[in-house]
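Below are the chains, spelled out letter by letter.
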Amino acid sequence: MLRLASLGSGSKGNATLIASKDTVVLIDCGFPVREMMTRLPRLGLEVTDIDAVLVTHEHSDHIAGVAALAKAASAPVYATNGRRRSGKLDSARSVVEIESDSSFAVGDIEVRAVTVPHDARQPVQYRFFHNGVAVGVLTDLGSVSPHVQAAFSGCDMLLLEFNHDLEMLREATGELKPKKIIKRLKLIENFRESSNKP
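So, here's what we can say about the structure. (Residues numbered from 1 in each chain as written. Predicted model: local features only at pLDDT ≥ 70, side-chain atom pairs only at ≥ 80, totals over all residues. Heavy atoms only, no water.)

**Focus: the overall build of the protein**
Thought 1: A count of helical and extended segments in the protein gives 7 helices and 11 strands.
Thought 2: Residue burial in the protein is summarised as follows: out of 198 residues, 51% are buried.
Thought 3: Pairs at least 24 apart in sequence give 49% of the contacts found in the protein among residues at least 6 apart.
Thought 4: For the protein, the exposed surface amounts to about 10000 Å²; the carbon and sulfur share of it is 51%. (Helix = DSSP H or I, 4+ residues; strand = E, 2+ residues; numbered from the N terminus. Buried < 20%, exposed > 50% of the residue type's maximum accessible area, 1.4 Å probe, protein only. Contact = heavy atoms within 4.5 Å. Areas by Shrake-Rupley, 256 points an atom, 1.4 Å probe, with all protein chains shown as cover.)

**Concerning the nonpolar core**
Thought 1: Core analysis: the largest hydrophobic core is formed by 27 residues, its most contacted members being L26, M36, I50 and L69.
Thought 2: Of all the elements in the fold, those that place two or more residues in this core are strand 2 (15–19), strand 3 (24–27), helix 1 (33–39), helix 3 (66–73) and strand 5 (77–80).
Thought 3: Sorting elements by how many residues they give to this core places helix 3 first, with 5 residues.
Thought 4: If we skip the residues at most four places from it in the chain, L26 touches L7, A15, T16, L17, M36, I50, A52, V53, L54 and L69.
Thought 5: I18, I27, I98 and F104 belong to the second largest nonpolar core, which has 18 residues in total. (Core = buried A, V, L, I, M, F, W, Y, C linked by side-chain atoms within 4.5 Å.)

**Description of the sheet that holds strand 9 (residues 124–130)**
Thought 1: Pairing is mixed across the open sheet formed by 5 strands, whose spatial order is 7-8-9-10-11. Each edge of the open sheet carries a strand with a single partner, namely strand 7 (103–106) and strand 11 (157–161). Across the sheet, the mean angle separating the axes of adjacent strands is 20° when strand polarity is ignored.
Thought 2: As paired elements, strand 8 (residues 109–115) and strand 9 share 6 bridges and run antiparallel to each other. The residue of strand 9 that forms the bridge with A113 is Y126. (Pairing = 2+ DSSP bridges. Axes fitted to C-alpha atoms, helices over the stretch in contact; angles between N-to-C directions.)

**Re helix 3**
Thought 1: Turning to helix 3, its buried residues number three or more, namely V66, A67, L69, A70 and A73. Taken end-on, helix 3 shows its buried residues confined to a sector of 165°, consistent with a single buried face.
Thought 2: Among the residues trailing helix 3, S74 stands out with phi positive, at a value near 55°. (Arc of directions from axis to C-beta.)

**Focus: a negative patch on the surface**
Thought 1: Taken together, the side chains of D22, E46, D49, D51 and D108 define an acidic patch exposed on the protein surface.
Thought 2: Residue position: E46 is located in the loop between helix 1 and strand 4 (52–54). (Patch = residues over 30% accessible without salt bridge, like charges linked within 9 Å, V, L, I, M, F, W, Y side chains within 5 Å. Salt bridge = Lys/Arg side-chain N within 4 Å of Asp/Glu carboxyl O. Lys, Arg positive; Asp, Glu negative; His and termini not counted. Charge placed at Lys NZ, Arg CZ, Asp CG, Glu CD.)

Following this line, the structure appears as structure tokens:
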């Protein structure tokens, strides 16, 4: 059986926990270690119970606390090359580089890293397998592409979190359409075009 819990979701920090009886995996950590030391005991866990930290992308609300928390937990960080190149994991003790759309194991949990549309370097989300149960975690999702739909179909449990709407961004005008939003739209549209090529 897999347990799933959100330790926080929003612009101030994101962290999601998935655990079997023997393995505890943290997905992202946008919070300081001190804050995680307050949140984890609510689930009956301590920082040292974490076996690995998986990173979805390099935005600070997902990665700000990763290196420090991984050190405190003596746990490796799993990240794609795009996230490693961001420099935000340089102080982590151990970083395991993973490929987008690859599978690997953390303890007794099988993990699949799935490429997703988002305005970041090599963003991925994760699907977990344990004893015939499939759990998907999709946070900060830019849009639902056919690739994402196929990768996460058939999950027994799926955590979804996203907070922007492409149509709203496209229709925004004047002061509501700053350069950062325009850049996000271009990045997402470029991803869509490249993922639709054979």
